[in-house]
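Working through the structure, step by step
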Amino acid sequence: MSATLINGKNLAEQIKNNLAQQIAALQTPPQLDIVLVGHDDASEIYVRNKIKAAEHINLKTVLHRFDENITENELSAMVEKLNADKNVNGIIVQLPLPPHIDTHRIINLIEPKKDVDGFHPYNTGLLQNNQVPYFIAATPLGVMRLIQTVCPNLSGKNVVIIGASLIVGRPLATLLLNQECTVTITHIHTKNIKELTQKADIVVAACGVANLVKADWIKSGAVLIDVGINRCNGKICGDIDFASVQDKAGAITPVPGGVGPMTIAMLLENTVNAYLLQNQKK
Ligand code: NAD
């Protein structure tokens, strides 16, 4: 039997339509300011996609471009300026930053109530404490929404996450733990990941290794969420070998059309929530 397809594109469209209606009812559109340093190819694409999606729902974006030689102090001053600007509801500093800049220092300067990427330690700390942060990082938040479409009650589920990054694996593990899952976080140094995934009710692959997860890695009926974005023979593919697992899994997200569109929808949702928070409507 073929796995249920978890359609992130459709879910993201529904969310964006709701956001468009919410925005239409506001006095002014929410504003998202994006800081982009240098010319990283992937960052250029991500930023372009975010701006396009925002414009589609009448959410205002302002792009601040800087040469890759910008100093850490100049970038810090920019963040402080955006923090103080009442018109700015959400701030994103697109990562990665050039190596001469201390990324943590820059992220830690963002006002937590404008931290729509959810990377500031104030927000990640509250999440760790199982309290409600202002914002949760868009990709893990999107993954949770996708999982909940096929698995509304997560209590007691065994979940294996492949990948332990600060922006995906770690916050996702916390979100799942807060929903009473038993979570195993694996990474490049984990031995025999396959033995762990074979016992999992849910596997989330977020490691950036094309087609790593095959049918013999999973148990029958498992829910599979593929965060990976890789280039394979001129096409985009995920970390899960879709063709291999589709007859064994219970449900699976496609790549493209799964986690990617949800990440953008969650960022837009965070920005609308930032507006409401700053205007005391939430
Ligand atoms: P990262 O490089 O920061 O982290 C990768 C993690 O995977 C690390 O913890 C590393 O130890 C682990 N890893 C690497 N190779 C592994 C292996 N062979 N086995 C087990 N673990 C391994 O990456 P990231 O930023 O978290 O992104 C991961 C993937 O998700 C990438 O393909 C990225 O493009 C994609 N991504 C997609 C979205 C989206 O919206 N769809 C968002 C963010 C990241």
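Look above for the structure.
Here we summarise the structure given alongside this text. (Residues numbered from 1 in each chain as written. Predicted model: local features only at pLDDT ≥ 70, side-chain atom pairs only at ≥ 80, totals over all residues. Heavy atoms only, no water.)

Description of the overall build of the protein chain
Within the protein chain one finds 10 helices and 11 strands. In terms of C-alpha radius of gyration, the protein chain reaches 19 Å, essentially the compact-globule figure of 19 Å for 282 residues. For the protein chain, the spread of C-alpha atoms along the principal axes amounts to about 55 × 45 × 40 Å. In the protein chain, buried positions account for 50% of the 282 residues. A sequence separation of at least 24 residues applies to 69% of the contacts in the protein chain between residues at least 6 apart. Summed over all atoms, the accessible surface of the protein chain reaches about 13,700 Å², with 51% contributed by carbon and sulfur. Of note, the protein chain has its 25 positive side-chain charges centred 5 Å away from the centre of its 25 negative side-chain charges. (Helix = DSSP H or I, 4+ residues; strand = E, 2+ residues; numbered from the N terminus. Rg over C-alpha atoms; globule rule 2.2 N^0.38 Å. Buried < 20%, exposed > 50% of the residue type's maximum accessible area, 1.4 Å probe, protein only. Contact = heavy atoms within 4.5 Å. Areas by Shrake-Rupley, 256 points an atom, 1.4 Å probe, with all protein chains shown as cover. Lys, Arg positive; Asp, Glu negative; His and termini not counted. Charge placed at Lys NZ, Arg CZ, Asp CG, Glu CD.)

A few points about the pairing of strand β3 (residues 60-66)
Along any regular strand, the residues point their side chains to alternate faces of the sheet. When strand β2 (residues 31-37) meets β3, the two strands line up parallel, connected through 7 bridges. Bridge assignment links Val37 to a residue of β3, and that residue is Phe66. For the handedness criterion, the β-α-β arrangement of β2, helix α2 (residues 41-56) and β3 is classed as right-handed. (Pairing = 2+ DSSP bridges. Right-handed = clockwise from strand over helix to strand, strands pointing away.)

Concerning the nonpolar core
For soluble globular proteins, nonpolar side chains are generally found buried alongside one another. Ile147, Leu176, Val204 and Ile225 are the most contacted members of the largest nonpolar core, which totals 56 residues. The dominant element in this core, judged by the number of residues it contributes, is helix α10 (residues 259-278), at 12 residues. Not counting chain neighbours up to four residues away, the residues in contact with Ile147 comprise Leu154, Leu176, Ile202, Val204 and Ile225. Counting residues in each nonpolar core, the second largest holds 16 residues, with Ile162, Val203, Ala205 and Val213 among its members. (Core = buried A, V, L, I, M, F, W, Y, C linked by side-chain atoms within 4.5 Å.)

Considering the pattern of salt bridges
Across all of its chains, the model carries 7 salt bridges by this definition. The partner of Glu44 in a salt bridge is Arg65, and the shortest N-O contact between them spans 2.7 Å. A residue pair is termed long-range when its members are at least 10 positions apart, and Glu44 in helix α2 and Arg65 in strand β3 qualify at 21 residues. Residue classification places Glu44 among the buried residues on the basis of a relative accessible area of 16%. (Salt bridge = Lys/Arg side-chain N within 4 Å of Asp/Glu carboxyl O.)

Looking at the side chain of Glu72
You can see Glu72 is positioned in helix α3 (residues 72-84). Among the residues examined, Glu72 registers a relative accessible area of 18% and is labelled buried. A polar contact of 2.8 Å, which involves the side chain of Glu72, links it to the backbone nitrogen of Asp102. In contact with Glu72, other than residues within four places in its own chain, are His100, Ile101, Asp102, Arg105 and Ile106. (Polar contact = N/O pair within 3.5 Å; in protein donor to acceptor, adjacent residues only side chain to side chain.)

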